[in-house]
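One-letter residues, chain by chain:
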Amino acid sequence: QVQVVESGGGWVQPGGSLRLSCAASGSIFSINRMGWFRQAPGKQRELVVDITSGGRTNYADSAKGRFTISRDNAKNTVDLQMNSLKPEDTAVYYCNAGIAERYFSTPRDYWGKGTLVTVSS
């Protein structure tokens, strides 16, 4: 059984920084893509950034220049460093991973339960 668990959310003032962490564990053969999505109240879930096992990244325009994703393939972890936070970054942030549980398995999406980030003064 696979688990994806996020940590590191909280409250921060505008202009501040937060670091989110995510760890995948359990029956894992390989992980192709890991990333962060967010969902603000009343809005659809949207991609923030993702990263392939080879290190290729894909940032949403809203995250470029402020957020940095990093990944440790050996530990099955991915972090999101968020700087210069704005009130519009307030959302529940979800970790997502494309995981194959066995050699012949097709990777499927696994989601964490989410961590709340609140940016306000």
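Before reading on, note that the structure itself is shown above.
Calculation rules
- All chains use their own residue numbering, which begins from 1 and follows the written sequence.
- Owing to the predicted nature of the model, reporting of local features is limited to residues with pLDDT of at least 70; listing and counting of side-chain atom pairs is limited to 80 or more, with chain, interface and lining totals taken over all residues.
- In computing side-chain properties, one takes all heavy atoms of the structure into account and sets aside hydrogens as well as water.
- Only DSSP runs of H or I with at least four residues qualify as helices, and only runs of E with at least two residues qualify as strands; both kinds are numbered from the N terminus onward.
- For the exposure calls, accessible area comes from a 1.4 Å probe over protein chains only, and a residue counts as buried if that area is under 20% of its type's maximum, exposed if over 50%, partly exposed in between.
- We call two residues in contact when some of their heavy atoms are within 4.5 Å.
- Salt bridges, as used here, are contacts in which a Lys or Arg side-chain nitrogen is within 4 Å of a carboxyl oxygen on Asp or Glu.
- What makes a nonpolar core is a set of buried Ala, Val, Leu, Ile, Met, Phe, Trp, Tyr and Cys residues whose side-chain atoms join them at distances within 4.5 Å.

1. With respect to the environment of Ala 24
Next, step 1: By the element assignment, Ala 24 lies in strand β3 (residues 18-26).
Next, step 2: Taking relative accessible area as the criterion, Ala 24 reaches 6% and is therefore assigned buried.
Next, step 3: Taking the C-alpha atoms as reference points, Ala 24 and Val 2, 22 residues apart in sequence, are found 7.0 Å from one another.
Next, step 4: Apart from residues no more than four positions distant in its own chain, Ala 24 is found in contact with Gln 3, Val 4, Ile 31, Lys 75, Asn 76 and Ile 99.

2. Considering the pattern of salt bridges
Next, step 1: The final tally for this structure, using the stated rule, is 6 salt bridges.
Next, step 2: Between Asp 109 and Arg 33 there is a salt bridge, with the nearest N and O atoms lying 3.0 Å from each other. A residue pair is termed long-range when its members are at least 10 positions apart, and Asp 109 in strand β10 (residues 108-111) and Arg 33 in strand β4 (residues 30-39) qualify at 76 residues.
Next, step 3: With a shortest N-O distance of 2.7 Å, Asp 89 and Arg 66 are connected by a salt bridge.

3. What to know about the nonpolar core
Next, step 1: Core analysis: the biggest nonpolar cluster contains 29 residues, and Trp 36, Leu 80, Met 82 and Tyr 93 have the highest contact counts within it.
Next, step 2: Listing elements by their share of this core, those giving two or more residues are β1 (2-7), β3, β4, β5 (46-52), β7 (67-72), β8 (77-82), β9 (91-100) and β11 (115-119).
Next, step 3: Tallying contributions element by element places β9 first for this core, with 5 residues.
Next, step 4: Excluding residues within four positions of it along the chain, Met 82 makes contact with Gly 16, Ser 17, Leu 18, Leu 20, Arg 66, Phe 67, Tyr 93 and Val 117.

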